[in-house]
Amino acid sequence: MKKLFILSFSLFAAVAVAQTPVPLYLDESQPIEVRVQDALSRMTLEEKVKLCTAQSKFSSHGVPRLGIPEIWMSDGPHGVREEIQWDSWSNAGFTNDSCTAFPALTCLAATWNPEMSALYGKNIGEEARYRRKDILLGPGCNIYRTPLNGRNFEYLGEDPYLASVMVVPYIQELQKNGVAACVKHYALNNQEKWRGHIDVQLSDRALYEIYLPAFKAAVQEGGAWSIMGAYNKVRGEHACHNDLLLNRILKEEWGFDGCVVTDWGGAHDTREAVFNGLDIEMGSYTNGLTSGRNFAYSDYFLARPYLQGLQSGEYPLSTVEDKAARVLRLIFRTAMNRNRPWGSFTSEAHYEAARQIGTEGIVLLKNEPVKRQQPALLPIDPSRYEKILVVGDNATRRLTEGGGSSELKVKHEISPLQGLVELYGDKITYTQGYAAGRPRYGKVEQPRVDTDSLYRKALELAADADLVIFVGGLNKNHEQDCEAGDRVQYSLPFGQDRLIPELAAINPNLVLVLVSGNAVEMKWVDEVPAIVQAWYLGSEAGHALADVLGGAVNPSGKLPMSFPVKLTDNGAHAFDALCYPGDSIRVEYKEDILVGYRWHDTKKIPALFPFGHGLSYTTFSYGKATLSSSSLTADGSITVTVPVRNSGDRPGKEVVQLYIGDNKSSLPRPKKELKAFDKIALNPGEEKTVTFTITPDDLKYFDDARHEWVAEPGKFTLYIGASSADIRAQASFTLK
Ligand code: BGC
């Protein structure tokens, strides 16, 4: 009897369960908008408001009552940051959070290879997913305006087209892991000095032609699910709640349906945050305002003050419906996506990817023989040298440390010295040569060593060596390549400018490896036969560098920014201090659209190493450019082909670059602008024909009076080259 009762009860329960409909918001077969509306219909006003703020340093609220999970975030953009305490900036003391560090984004941009960007996004996405993150805070695509910007290393260079092409695959592949990209810092965060309040003034043309395209591509082509507002102001309003940037451009013009997240502590006003496009407020301090309190996330601008304003009718309910819908959409795409993969962490494949991206991004700036008739110094021929001296603090310094929020705790970081020792064994001796203090956020720490004796020892050992490899540059300390401060000089710090020419005088077999995310002044450039730009290469730094110096990999990176001879040769530094760094209240972009090579070309100021420059251990010869037609109609296209041959004796890769100039226009335009590129691999003697397609869209400028993109009929010139200054073929056509 008892048994029968139990059986009939369970049958009844099973039928009841089967008949209880799954709420629509939990049903993944439903369209996402149906789920969003269903969830909203079940939520209280308090719950909707809660979705809009942080609950800890790196997480924001879910809806616990409905089983809608919290959002977990992590920096970004070069690896998954170590776990931070719930409510302070100290590390959480986890022992399972040492990640793979991928090369810094300047290096990625220097590959000029979207496949590398896809590889990057896939691998970092797997790491983020394994670490259970829903948002990765990156990639960054602010335009490189001045070499003094402390955060250029986190961005993709000075050209909007290159940055756009490179940012898209990173986002697409990252998000395949069910982890949202949070593209930063939107927009015009082009300096760290006074970043929290400097008010950027610029023309609409500079905004649309230079500073916005990479963000637009990130949103429209990359399909980014979130975007981070910048700290600075733009035309009087903080970028994190800025009507022009967030409402009118991002959400209306570009149709962005994702979430706008503040930079940490980037919100300053409830009313602006409510009306000007902000969705999630995160904070540097507990109360989002000034300093730490125990548990005061409820005091955030979008927390209690917002709720009260909604209850009193000061703010319309439609504002919170829209914000909560955006956050829910993000949660359904990430944390509540049951189909997302599991990810993986510090796998061999991730290190291999880091190494491959690193080797492909390293740029050979200069490579000459020391004496006539000799081969160029690189790649290193070990049979010629018994004693190889490695000099420089960056040969051993951990460069994944410092830099600010992009700092990484890594399982391993192969230093340049270690990479070279693995390759050349006991031929290698090391001496530090110069010293820099440890990285400390917001402070410069002096080294605690006798720098004169380091210097003397380096010269002594160099005199006795057959080859000297100097590994120097900047580092991740405050006022170098680091968040929250700009560089204070264009030249190299820590006495390197004195040491390098002296080393060259004592031993002309000198290879200089520059580790930096920024251009630097090189007064001694003529005295050094071989110079390599090695960026910040992450976990596999030493292996990637040794691959290139030793010749296992033929360098194929090209500069994503210009290296001016002197600072005032850069457009942002060609005017008064209001142009950079501003007067602490505002900064005016007086160089306008002439950023980077656009300035060098148009003003006829040659760069030391131009945008797009990068040598190879082989040589490439370019044939004639052939156009499919000499005229282009408004809705047509033309193709241009150019044969490129590997004329040297090693396999190599070349980045063939297409620039276009408008011969005559009603508004001033740069001499030429990058419109396409292709990276091709060629064996010795092999020839390939590169084909580019040009449409009227490639010829347009932004007409600020009409607020639209315009292509003016007339003659245009095509420049095909190995860099922005090394033009190998030219042709012209007419737009009808
Ligand atoms: C940085 C952001 C970073 C955030 C969280 C801010 O200081 O500007 O790029 O994602 O901190 O660490």
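To start, this report covers the structure provided alongside it. Please read these numbers as outputs of a predicted model, since none were measured by experiment.

## Comments concerning the packing of aromatic side chains
If you walk through the whole model with that rule in mind, you get 25 aromatic pairs. When the centroid spacing of 5.5 Å and the interplanar angle of 40 degrees are considered together, the rings of Phe-58 and Trp-264 count as tilted. A residue pair is termed long-range when its members are at least 10 positions apart, and Phe-58 in the loop between strand 1 (54-56) and strand 2 (59-60) and Trp-264 in the loop between strand 10 (259-261) and helix 10 (270-275) qualify at 206 residues. Neither Phe-58 nor Trp-264 differs from the other in exposure class; each is buried. The rings of Trp-112, Tyr-161, Tyr-597, Phe-611, Tyr-659 and Phe-677 are connected pair by pair, giving a single aromatic cluster. Above the face of the Trp-194 ring, Lys-193 is positioned so that its terminal group lies 4.7 Å from the ring centre.

## Description of the site of the ligand
Not every one of the 14 residues close to the ligand is listed here, only the nearest: Asp-75, Arg-151, His-185, Asp-263 and Glu-483. His-185 places a polar side-chain atom, nitrogen or oxygen, 2.7 Å from an oxygen atom of the ligand. Within the side chain of Asp-263, one N or O atom sits 2.6 Å away from an oxygen atom of the ligand. For the ligand, the accessible surface in isolation is 310 Å², of which the surrounding protein chains cover 97%. For the shell around the ligand, the class distribution of residues is five nonpolar, two polar and seven charged.

## Some thoughts on the sheet that holds strand 12 (residues 388-391)
Strands in a sheet are paired, the pairing made by backbone hydrogen bonds, and the direction either parallel or antiparallel. Read across the open sheet, the six strands follow the order 11-16-15-14-12-13; overall the sheet is mixed. Strands with a single pairing partner mark the edges of an open sheet, and in this sheet they are strand 11 (363-367) and strand 13 (428-431). Going from strand to strand, the sheet's axes swing by 20 degrees on average, the running direction of each strand aside. Direction of pairing for strand 14 (residues 467-473) relative to strand 15 (residues 510-515): parallel, over a ladder of six bridges. Considered in strand 15, the bridge of Phe-470 is made with Leu-512. Lying on the sheet, helix 15 (residues 451-464) is in contact with strand 12, strand 13 and strand 14; it crosses strand 12 at an angle near 160 degrees. Its contacts with the sheet put helix 16 (residues 496-506) on strand 12, strand 14 and strand 15, and the angle it makes with strand 14 is roughly 165 degrees.

## Re unusual backbone geometry
Cis geometry marks the peptide bond from Gly-76 to Pro-77, where omega comes out at -10 degrees. Secondary-structure assignment places Pro-77 in the loop between strand 3 (71-75) and helix 4 (105-110). Put simply, Tyr-580 and Pro-581 share a cis peptide bond, and its omega is 0 degrees. Tracing the chain through its elements places Pro-581 in the loop between helix 17 (541-550) and strand 17 (586-588). Within the chain, Lys-604 stands out as a residue other than glycine whose phi angle is a positive 55 degrees.

## Some words on the state of the cysteines
The final tally for this structure, using the stated rule, is zero disulfides. Unpaired in this structure, Cys-99 has its nearest cysteine sulfur neighbour in Cys-107, at a distance of 16 Å. For Cys-240, which is in no disulfide, the shortest distance to another cysteine sulfur is to Cys-182 and amounts to 9.9 Å. In this structure Cys-240 comes out as buried when scored by relative accessible area, which is 0%.

## A look at the pattern of salt bridges
Following the criterion strictly, the structure yields 50 salt bridges and no others. Arg-42 is the salt-bridge partner of Asp-38, the closest N and O atoms lying 3.0 Å from each other. Residue Asp-38 and its partner Arg-42 are both found in helix 2 (residues 32-42); the two are separated by four residues, about one turn of the helix. With a closest N to O distance of 3.3 Å, Asp-243 and Arg-248 form a salt bridge. The network of salt bridges with shared partners includes Arg-151, Glu-154, Glu-192, Arg-195 and Glu-483.

What counts and what doesn't
- Residues numbered from 1 in each chain as written.
- Predicted model: local features only at pLDDT ≥ 70, side-chain atom pairs only at ≥ 80, totals over all residues.
- Heavy atoms only, no water.
- Phe/Tyr/Trp six-rings, centres within 6.5 Å; stacked < 30°, edge-to-face > 60°.
- Helix = DSSP H or I, 4+ residues; strand = E, 2+ residues; numbered from the N terminus.
- Buried < 20%, exposed > 50% of the residue type's maximum accessible area, 1.4 Å probe, protein only.
- Lys NZ or Arg CZ within 6 Å of the ring centre and 35° of its normal.
- Near = heavy atom within 4 Å.
- Polar contact = N/O pair within 3.5 Å; in protein donor to acceptor, adjacent residues only side chain to side chain.
- Areas by Shrake-Rupley, 256 points an atom, 1.4 Å probe, with all protein chains shown as cover.
- Nonpolar A, V, L, I, M, F, W, Y, C, P; charged D, E, K, R; others polar.
- Pairing = 2+ DSSP bridges.
- Axes fitted to C-alpha atoms, helices over the stretch in contact; angles between N-to-C directions.
- Contact = heavy atoms within 4.5 Å.
- Disulfide = S-S within 2.5 Å.
- Salt bridge = Lys/Arg side-chain N within 4 Å of Asp/Glu carboxyl O.

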